[in-house]
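# What the coordinates show
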Amino acid sequence: MATSALHRHTFADYLALEEASNTKHEFLNGEIYGMAGGTPEHAGLSVAVSSALLAQLQEGPCRVYSSDLRVRVLATGLATYPDVTVVCGDLERDPESATTVVNPRVIVEVLSDGTEAYDRGEKRDHYRRIPSLAAVVFVSHRSPEIEIQERTTEGEWRGKAYGAGETAVIEALPARLPVDEIYRGFQV
């Protein structure tokens with residue numbers, strides 16, 4: 001994300017742009033940023049993760065959403081579209097946008113060369129300000145690896161990476177992501 005402000009937009013301005021646009025944008029600090037398109041591998045890994053989560057969560061109170069769901073961090077104002085979002089219980093909608101949710105339980109980001117530093121750094125820090133968020137999942141684009149960062153009962157964050165032959169465990173749901181199954185058929 002750029003650091004110098006070029007324009008000052010309101011969240012309402014951003015929402016109006018999103019309604020009229022056929023591409024997605026992020027919003028932060030009065031700035032609107034176009035989101036990059038993904039690769040076939042990125043799209044496939046997103047679907048593999050969401051499918052695995054859906055299969056495990058469909059009978060419970062949690063729902064799995066695609067990258068079409070906009071999430072807003074009320075504490076910082078960031079509005080964005082995670083690759084996969086899990087919400088448990090009722091959707092809590094943004095006070096300014098009925099199409100934006102503010103209570104994800106788990107967010108998944110499939111990494112790319114252009115977004116990895118932002119996703120693992122600044123964006124992750126924004127996400128951690130969401131009170132309902134219990135885990136952020138990073139799916140590598142370079143090798144079969146899934147990293148789970150979860151909030152402990154003390155409010156601290158801990159992370160663990162899982163590689164080939166292992167199963168990533170999202171304790172907050174609970175759900176399991178077998179690394180080999182998620183990456184089956186993908187050359188990363």
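Here's a quick rundown of the structure. (Residues numbered from 1 in each chain as written. Predicted model: local features only at pLDDT ≥ 70, side-chain atom pairs only at ≥ 80, totals over all residues. Heavy atoms only, no water.)

### Some points on the pattern of salt bridges
Threshold: Note on definitions: salt bridges are taken to be side-chain nitrogens of Lys or Arg within 4 Å of carboxyl oxygens of Asp or Glu. Under the DSSP-based scheme used, a helix requires at least four consecutive residues in state H or I and a strand at least two consecutive residues in state E, with every element numbered from the N terminus. Here's how the labels work: a residue is buried when its accessible area is under 20% of the maximum for its type, exposed when over 50%, partly exposed in between, all with a 1.4 Å probe on protein chains only.
A complete count under the given rule lists 11 salt bridges for this structure. The shortest N-O distance in the salt bridge between Arg-72 and Glu-96 comes to 3.3 Å. One end of the pair, Arg-72, is in strand E4 (residues 70-72); the other, Glu-96, is in the loop between strand E7 (93-94) and strand E8 (97-101), with 24 residues separating them in the sequence. Judged by its relative accessible area of 9%, Arg-72 is buried. As a salt-bridge pair, Arg-120 and Glu-147 come within 2.5 Å of each other at their nearest N and O atoms. One end of the pair, Arg-120, is in helix H3 (residues 116-127); the other, Glu-147, is in strand E11 (residues 146-151), with 27 residues separating them in the sequence.

### Quick notes on the pairing of E8
We apply this condition: By this definition, two strands are paired if DSSP reports at least two bridges between them.
As judged from the two bridges shared by E4 and E8, these two strands associate in the parallel manner. Note that in E8 the partner of Val-71 across the bridge is Val-101. Where E7 folds back onto E8 in an antiparallel hairpin, the turn is made up of two residues.

### A few points about the packing of aromatic side chains
Stated formally: Between rings of Phe, Tyr and Trp, where Trp is taken as its six-membered ring, a pair exists when centres lie within 6.5 Å; planes separated by under 30 degrees are stacked, by over 60 edge-to-face, and by other angles tilted. In this scheme, Lys NZ or Arg CZ marks a charge over a ring once it lies within 6 Å of the ring centre and within 35 degrees of the ring normal.
Scanning the model with the defined rule gives three aromatic pairs in all. A network of ring pairs unites the aromatic residues Phe-11, Tyr-14 and Phe-27 as a single cluster. Residue placement shows Arg-72 over the ring face of Phe-11; its charged tip is 3.6 Å from the ring centre. The ring of Phe-138 carries Arg-120 above its face, with NZ or CZ at 5.0 Å from the centroid.

### Quick notes on the side chain of Glu-109
Threshold: Contacts: residue pairs with any heavy atoms within 4.5 Å of one another.
Topologically, Glu-109 is positioned in strand E9 (residues 106-110). Classification of Glu-109 by relative accessible area gives buried; the value is 3%. In this view, Glu-109 contacts Pro-82, Asp-83, Asp-119, Lys-123, Tyr-127, Val-137, Phe-138 and Val-139; residues no more than four positions away in its chain are not counted.

### Looking at the nonpolar core
One broad trend across soluble globular proteins is that nonpolar side chains are buried collectively. As a reminder, the rule being used: Residues belong to one nonpolar core when they are buried, are Ala, Val, Leu, Ile, Met, Phe, Trp, Tyr or Cys, and are joined through side-chain atoms within 4.5 Å.
Ranked by internal contacts, the top residues of the largest apolar core, which has 28 residues, are Leu-53, Val-137, Ile-146, Ile-170, Leu-173, Leu-177 and Ile-182. If you list the elements that add at least two residues to this core, you get helix H2 (40-57), strand E6 (84-88), E9, strand E10 (135-139), E11, strand E13 (167-170), strand E14 (175-178) and helix H4 (179-183). Here this core takes six residues from H2, the largest share from any one element. Apart from residues lying up to four places away in sequence, Leu-177 is in contact with Val-49, Ala-52, Leu-53, Val-137, Ile-146, Glu-166, Thr-167, Ala-168, Ile-170 and Ile-182. Ranked by size, the runner-up nonpolar core spans 15 residues in total, among them Leu-69, Ile-130, Leu-133 and Trp-157.

### Quick word on the layout of surface pockets
Where we set the bar: Lining residues are defined by having an atom within 4 Å of a point belonging to a cavity or pocket. Those points lie on a 1 Å grid over the protein atoms alone, cavities being sets where a 1.4 Å probe fits but cannot get out and pockets being open sets with protein on both sides within 12 Å along at least five of seven lines. Grid points are joined across faces, edges and corners, and a volume is the space filled by probe spheres set on the points. Under the convention adopted here, Pro, Cys and the residues Ala, Val, Leu, Ile, Met, Phe, Trp and Tyr are nonpolar, Asp, Glu, Lys and Arg are charged, and Gly plus all remaining residues are polar.
Taken as a whole, the largest pocket holds about 850 Å³ of empty space. Of all the elements in the fold, those that place two or more residues in the lining of the largest pocket are strand E2 (31-34), H2, E9 and H3. Sorting elements by how many residues they give to the lining of the largest pocket places H2 first, with seven residues. The class makeup of the residues in the lining of the largest pocket is 13 nonpolar, 13 polar and nine charged.

### Looking at H2
Operational definition: Residue count minus one, scaled by 1.5 Å, sets the expected span of a helix.
The end-to-end C-alpha separation of H2 is 25 Å, in line with the 26 Å expected for 18 residues at 1.5 Å each. Looking only at H2, the buried set comprises His-42, Gly-44, Leu-45, Ser-46, Ala-48, Val-49, Ser-50, Ala-52, Leu-53 and Leu-57.

Interpretation in functional terms is not warranted from these geometric data alone.
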